[in-house]
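Working through the structure, step by step
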2 protein chains.
Amino acid sequence: MISIVILGTGNLAKHLFDAFKAQKGLEIIQLYGRDQNALSYFNAQINTTTDLSQIKEADIYLVAISDDAISEVSEYVLGKKSLIVHTSGSIPINALPHHHRRGVFYPLQSFSANRKVDFREIPICIEAETVADYELLNALASAISDKVIQIDSEQRKALHLTAVFANNFTNHIYHLAQEICTENDVPFELLFPLINETAAKIQDLSPLDAQTGPARRNDRGTLKKHLAQLKHKKHKKVYTLMSKSIRKTYGKKL
Amino acid sequence: MISIVILGTGNLAKHLFDAFKAQKGLEIIQLYGRDQNALSYFNAQINTTTDLSQIKEADIYLVAISDDAISEVSEYVLGKKSLIVHTSGSIPINALPHHHRRGVFYPLQSFSANRKVDFREIPICIEAETVADYELLNALASAISDKVIQIDSEQRKALHLTAVFANNFTNHIYHLAQEICTENDVPFELLFPLINETAAKIQDLSPLDAQTGPARRNDRGTLKKHLAQLKHKKHKKVYTLMSKSIRKTYGKKL
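Residues numbered from 1 in each chain as written. Chains lettered and ligands numbered in written order. Predicted model: local features only at pLDDT ≥ 70, side-chain atom pairs only at ≥ 80, totals over all residues. Heavy atoms only, no water.

Observations regarding helix α9 (residues 220-229) of chain B
Note the following rule: Each residue is placed in one exposure class: buried if its accessible area under a 1.4 Å probe, protein chains only, is under 20% of its type's maximum, exposed if it is over 50%, and partly exposed if it falls in between. A run of H or I in DSSP becomes a helix once it reaches four residues, and a run of E becomes a strand once it reaches two; helices and strands are each numbered from the N terminus. Regarding the arc, it is the one traced by the directions from the helix axis to the C-beta atoms. Contacts between residues were defined by any pair of non-hydrogen atoms, one from each residue, lying within 4.5 Å.
For α9 of chain B, the full list of buried residues reads Thr222, Leu223 and His226 of chain B. Considered in projection along α9 of chain B, the buried side chains sweep an arc of 100° and stay on one side of the axis. In α9 of chain B, the exposed positions that point more than 90 degrees away from the buried face belong to Lys224, Lys225 and Ala228 of chain B. For α9 of chain B, the secondary structure elements touched by its buried residues are α5 (153-183) of chain A together with α8 (214-217) and α10 (233-249) of chain B.

Have a look at this one:
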């Protein structure tokens, strides 16, 4: 049995709480949140506290709070011989207090309040400083996910950056597509099967090989027509840069 | 029973051939291709020809060839009282010869040689010049898809442009993410669940509301760190422009 105290009340804390709670080999001892209101989701299910000095003993302290607050809050988890881990993609392991046993437990996914996720499919990137701590973290992660992987702080930082491309930038591209749909009285929903297929295809074929379209073919006529068709500077800028980047990738002169 | 002659031998022609063939209410009379070798996939299953003057009578001539060749090839389909339709997103209906009954049959999807697609899920955008022709095209499209929609040439042109964003640009973003993964010795596969969730989320929530990340939060510290972390000019350029475009979308000063 692994006992856990969760520090944090955000989307990740909620999703992890639900995932841990469903596992018989895991026991959530307590949940800490700064704000009493934010504890309402947990109150009926588990012991909660807003007072860092009241935190109970557990095998693992899991810190699921904003990046800025990790170091500070972790300092308050005093006098404990437990393993303390944070859940951030961009923060190195040594941001945690050096007098603690330290680790990182980073689930690579975008969590929203009202969307269920299948934790078994989510890669959990773990890092620890001793073999024993690695094994403990591995046991915790493997209890909820089938995709546990050892990733060091440098790799995790890179991974977090690629997630900005794969999630943030892709989502913004979807937003621009929706704007153009709306302006032209075309339902955005028509693009959903294409969006799904684009995401699915690169899981069989590399994106380098999957690339199609006028920029890939260096079809200047269509590129010019498309630019003329776009009404907004913002859309033109993204169209121009992405097309240039694609052409450059395939060795066409700009 | 609707009879069809398909003109073309590419990915779309193959996928449509397979989809039509599976429907009892549809009969493929013949398939035309310029190149004898390209007909090998169809030869054993259907009458084929490389000679436009040998094209048989049918209810519908479906032209699934490259955009540039649509007008020319269509001119050769002479003396027929049938409905002639092309399958292109970017070509207007009036690129077809005016002495014909004309229409457009545009399946909004990216087709690859070796990937099966579920046609029932693919939006088919149809356009015709008379009610009778619209009904005939609607019957053809509805035989293979549950998502048939009437779209005029202007709307279709816009839709085709949004598909460049949703497919071509998104795929290129995936490629850049893969490059950064490779450079940092991180498996690209770790991003697949995030890529899937990003695509799925905007089908519940608008991309405008789904946006997260440092640019959305106007977190200049992280934006600066990320830029310093990127090694290649190409990656930096895309990072900078996409971040600016996101910040602008959410009303942050640049």
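So that's the structure; there's more coming.
Some points on the environment of Ala143 of chain A
All names here are of chain A. With respect to the element layout, Ala143 can be found in helix α4 (residues 131-144). In this structure, the C-alpha to C-alpha distance between Ala143 and Phe119, residues 24 residues apart in sequence, is 9.8 Å. Those residues within four positions of Ala143 in sequence are excluded, and the remaining contacts are Gln23, Leu26 and Arg120.

What to know about the relation of the copies chain B and chain A
Stated precisely, the cut-off is as follows: In superposing the copies, a least-squares fit is computed on C-alpha atoms, taking residues whose pLDDT is at least 70 in both.
Placing chain B over chain A gives an RMSD of 0.1 Å and needs a rotation angle of 180°, together with 0.0 Å of translation along the axis. When the rotation and shift are considered jointly, the pair of chain copies conforms to a two-fold rotation axis. The position closest to the rotation axis in chain B is occupied by the C-alpha of Thr170 of chain B, lying 2.8 Å away. Comparing interface residues between copies, 100% of those in chain B also sit at the interface in chain A, which points to an isologous, same-surface contact.

Some remarks on the interface of chain B and chain A
This is how the line gets drawn: Two parts placed together each lose some accessible area under a 1.4 Å probe, and adding up what both lose gives the buried area. Any carboxyl oxygen of Asp or Glu within 4 Å of a side-chain nitrogen of Lys or Arg constitutes a salt bridge here. The term polar contact refers here to a pair of N or O atoms within 3.5 Å; inside protein, the definition further demands a hydrogen-donor-capable atom paired with an acceptor-capable atom, and it admits residues adjacent in sequence only when both atoms are side-chain atoms.
Taken residue by residue, the interface counts 78 residues in chain B and 79 residues in chain A. A buried area of about 7,800 Å², summed over both sides, lies between chain B and chain A, and 68% of it is on carbon and sulfur atoms. Where chain B packs against chain A, one counts four salt bridges. Applying the counting rule to chain B against chain A returns 32 residue pairs in polar contact (both at pLDDT 80 or more). If one sorts the elements of the side of chain B that touches chain A by residue count, helix α5 (residues 153-183) of chain B sits on top with 25 residues.

Here we look at the nonpolar core
Here is the rule: For the purposes of this section, nonpolar cores are sets of buried Ala, Val, Leu, Ile, Met, Phe, Trp, Tyr and Cys residues that join through side-chain atoms within 4.5 Å.
Within the largest apolar cluster, 76 residues are counted, with the highest numbers of intra-cluster contacts made by Phe165, Phe188 and Leu191 of chain A together with Phe165, Phe188 and Leu191 of chain B. Of all the secondary-structure elements, those providing two or more residues to this core are β6 (101-107), α5, α6 (192-201) and α10 (233-249) of chain A together with β6 (101-107), α5, α6 (192-201) and α10 of chain B. Ignoring sequence-local partners within four residues, the contact set of Leu191 of chain B consists of Leu108, Thr162, Ala163 and Ala166 of chain A together with Ala177 and Cys181 of chain B.

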